[in-house]
Amino acid sequence: MALVKYDAQTLMKYFPIFVDAEHIHCLLVGAGEVAARKCELLLKTPAKITIVSPWVSETVKRLAAESAQITLIERKFEDPDIDDKQMIFVATDDEVVNKHIHDISHAKHMLVNVVDNTPLCKFITPSIVDRSPIIIAMSSGGVAPVLLRYIRQKLESVIPTNIRLLGNFSEKFRSTVKSALSSVTDRRYFWEEVLDGDIGESVLQGNEKLAEQKFDKALIAYKNGDKPVGQVYLVGAGPGDPDLLTFRALRLMQKADVVVYDRLVSPEILELVRRDAEKIYVGKAKSNHTIPQEDINELLAKEALAGNRVVRLKGGDPFVFGRGGEEIETLIKHGVDFQVVPGITAATGAASYAGIPLTHRDHAQSVTFTTGHLRDNTINLNWPALVQQNHTLVFYMGLTGLPIICQKLIEHGMSKQMPIALVQAATRENQEVVTGTLENIVDNPNTALLKPPTLIIVGTVVSLHASLNWFSRGNVNQ
């Protein structure tokens, strides 16, 4: 057999391992802020720590006072300090001392790390994503620490904070699954369904009792070849900018079997849905509901009962003019499990990106969200209650009814000069803001160019738009 030759680009210079820290006695030479960071990392393990340094930073003093794991020796390093140690970190600013400790440790075949001096390191500490018992360790071999930090940030954003709960859950039921399913392949497929489905989501939400109930049923169903009932996730897609999605919303979108969405979900957000998911458009454009709400409710239940993971993707937040409550009532009627994932509301998104704080100490101490949707060419609202001092009004779905809104507010005592803003396509690249007063906004020629979805903000806070506006694309003033 011919030997396979490897070049330096294919060989791992550092062999990645995880060491049982319960049986490690670590020596840390130096007690400055750099040493403190290493000490904080070691304190995440059960390792015994001895720190030797003639000078000790306040951070290290505090850590030593708070932890029984640490023995602090305030003097210069002495060669016998390395005896009976399994791991050594050197974090002094004395290059001669650093080299000396490396040399005597290396001579005794001990693991030594001289901080920020890769040639003097017999091991290096990786960049860590810690979700114990799930730990991800990464290394660039010391050649690209900034790139490594960038990769870590990316991983931190997509790995659920509570992934540790899934680790504990998997450990708890590992033997149960092994006893029930003799095939390694069957066990793998089953665990993939558990971790990627509604059982895994229940665990991540801290509802272990519900997860265990579902787990027992799922294991029996899997053994019998039955497809379990799916689940519905009502997911708030936010006001439009995909960067404003929550981590959880993105995670669910990328593992959905079916996605039900309407026109308020931006194309950029829809692009983030799992490629092979079935996407069902349910319309709900102004005065043109492609599918009646009652049929949408039943559709969600039908798809879940067929065993699918269903994401009901809603612009803004499902519980703020999103009819999420109506949909949940139908799911309960059919016995379908569901979860709700909040999103940034259209109102807060529009206000933030238009530079209009909904509350402000000098302008408004309260805010009201209401609908400007026309019914029988009128808007049935408690107008006297809406006309208050130091108050902000936000109208959803009010563009068509704008003349009536302005008229009614003026009729009930609001000043004709009250500032008003219309925010179209909030948070997106084509966002536009038209400002004016209750008296002149309807006749503003720029108003006629706006299209839904457009939010209406009324109140003296609108006067702050000119100075606080930071998202400058497509702004049209009065």
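Please refer to the structure higher up on the page.
The following refers to the structure shown. Bear in mind the structure is a predicted one, so any value in this text is a computation, not a measurement.

### A short note on the side chain of Glu201
Note on placement: Glu201 falls in helix H7 (residues 198–204). Engagement of the side chain of Glu201 in a polar contact is seen with the side chain of Lys255, the distance being 2.9 Å. Apart from the residues lying within four places of it in its own chain, the contact partners of Glu201 are Tyr233, Arg248, Arg251, Leu252, Lys255 and Gln339.

### Observations concerning the sheet that holds strand S3 (residues 70–73)
Taken in spatial order, the five strands of this open sheet run S3-S2-S1-S4-S5, and their pairing is parallel. Every interior strand has two partners, whereas the edge strands, S3 and strand S5 (111–114), have only one. In this sheet, adjacent strand axes meet at a mean angle of 15 degrees when their direction is disregarded. Where strand S1 (residues 25–29) meets strand S4 (residues 87–90), four bridges bridge the pair, whose relative direction is parallel. Looking at the pairing, Leu27 lines up with Ile88 of S4. The strands that helix H1 (residues 33–42) touches are S1, strand S2 (48–52), S3 and S4; relative to S1, the one it contacts most, it runs at about 165 degrees.

### Observations concerning the packing of aromatic side chains
For the structure shown, the criterion picks out 15 aromatic pairs. An aromatic cluster is defined as three or more aromatic residues linked by ring pairs; in this entry it consists of Phe169, Phe173, Phe190, Trp191, Phe215 and Tyr222.

### Topic: unusual backbone geometry
Pro133 follows Ser132 through a cis peptide bond whose omega is 10 degrees. Checked against the element boundaries, Pro133 lands in the loop between strand S6 (127–131) and strand S7 (134–138). Following Pro452, the chain continues to Pro453 via a peptide bond in cis, the omega torsion being 0 degrees. Topologically, Pro453 is positioned in the loop between strand S16 (432–437) and strand S17 (454–458). In this structure, Asp116 is a non-glycine residue whose phi angle is positive, near 60 degrees. Structurally, Asp116 is set in the loop between S5 and S6.

### Focus on the pattern of salt bridges
For the coordinates displayed, the defined rule picks out 25 salt bridges. One salt bridge connects Asp83 with Lys108, and the closest N-O pair in it is separated by 3.3 Å. Taken together, the positions of Asp83 in the loop between S3 and S4 and Lys108 in the loop between helix H3 (95–107) and S5 put the pair 25 residues apart, joining distant regions of the chain. A relative accessible area of 33% places Asp83 in the partly exposed class. In this structure, the salt-bridge partner of Lys214 is Asp337, at a minimum N-O distance of 3.6 Å. Residue Lys214 is located in helix H8 (residues 208–224), and its partner Asp337 is located in strand S12 (residues 337–341); the two are separated by 123 residues in the primary sequence.

### Overview of the packing of helix H11 (residues 293–305) against helix H12 (residues 324–333)
Their axes nearest at 9 Å, the elements H11 and H12 cross at an angle of 45 degrees. Of the possible angle classes, the one that applies to H11 and H12 is oblique. Handedness of the H11/H12 crossing: right-handed. Where H11 abuts H12, its residues Gln293, Ile296, Asn297, Glu298, Leu300 and Ala301 lie against Glu326, Glu327, Thr330, Leu331 and Lys333.

### Things to note about H11
Taking 1.5 Å of rise per residue, the 13 residues of H11 would be expected to cover 18 Å, and the 19 Å separating its terminal C-alpha atoms lies within 8% of that figure. Buried within H11 are the following residues: Gln293, Ile296, Asn297, Leu299, Leu300, Ala301, Glu303 and Ala304. In this structure, the buried side of H11 is in contact with strand S8 (231–236), strand S9 (258–261), strand S10 (278–281), strand S11 (309–314) and H12. Residue Gly307 follows H11 closely and has a positive phi angle near 95 degrees.

### Thoughts on the sheet that holds S11
Reading across the sheet, the five strands line up as S10-S9-S11-S8-S12 and stay open at both edges, with parallel pairing between neighbours. This sheet does not close on itself; its edge strands, each paired only once, are S10 and S12. If you compare each strand with its neighbour and ignore which way they point, the axes differ by 20 degrees on average. The pairing of S9 with S10 spans four bridges and is parallel. Each bridged residue has a counterpart across the sheet, and for Val258 the counterpart in S10 is Glu278. Strands S8, S9, S10 and S11 of the sheet are contacted by H11, whose axis makes an angle of about 155 degrees with S11.

### Topic: the packing of helix H5 (residues 163–180) against H8
The packing of two helices is summarised by the inter-axis angle and the distance between the axes. At their nearest, the axes of H5 and H8 sit 12 Å apart, and the two run at 20 degrees to each other. With respect to their mutual orientation, H5 and H8 come out roughly parallel. Pair H5 / H8 crosses with right-handed handedness. Residues Phe169, Lys172, Phe173, Thr176, Val177 and Ala180 of H5 lie in contact with H8, whose contacting residues are Glu208, Ala211, Glu212, Phe215, Leu219 and Lys223.

### Here's the deal with the side chain of Asn308
Looking at the secondary structure, you find Asn308 in the loop between H11 and S11. Within the local environment of Asn308, its side chain forms a polar contact with the side chain of Glu303, the two groups lying 3.0 Å apart. Non-local contacts of Asn308, meaning those with residues more than four positions away in its chain, are made with Lys227, Gly230, Gln231, Asp257, Val258 and Glu303.

### Quick word on a nonpolar patch on the surface
Nonpolar side chains collect at one region of the surface, where Met12, Phe15, Ile17 and Val19 lie side by side and expose about 480 Å² of accessible area between them. Mapped onto the elements, Phe15 comes out in the segment before S1.

Criteria and cut-off values
Residues numbered from 1 in each chain as written. Predicted model: local features only at pLDDT ≥ 70, side-chain atom pairs only at ≥ 80, totals over all residues. Heavy atoms only, no water. Helix = DSSP H or I, 4+ residues; strand = E, 2+ residues; numbered from the N terminus. Polar contact = N/O pair within 3.5 Å; in protein donor to acceptor, adjacent residues only side chain to side chain. Contact = heavy atoms within 4.5 Å. Pairing = 2+ DSSP bridges. Axes fitted to C-alpha atoms, helices over the stretch in contact; angles between N-to-C directions. Phe/Tyr/Trp six-rings, centres within 6.5 Å; stacked < 30°, edge-to-face > 60°. Salt bridge = Lys/Arg side-chain N within 4 Å of Asp/Glu carboxyl O. Buried < 20%, exposed > 50% of the residue type's maximum accessible area, 1.4 Å probe, protein only. Parallel < 35°, antiparallel > 145°, perpendicular 65-115°, else oblique. Left-handed = near helix turned anticlockwise from the far one by under 90°. Expected span 1.5 Å × (residues − 1). Patch = residues over 30% accessible without salt bridge, like charges linked within 9 Å, V, L, I, M, F, W, Y side chains within 5 Å. Areas by Shrake-Rupley, 256 points an atom, 1.4 Å probe, with all protein chains shown as cover.

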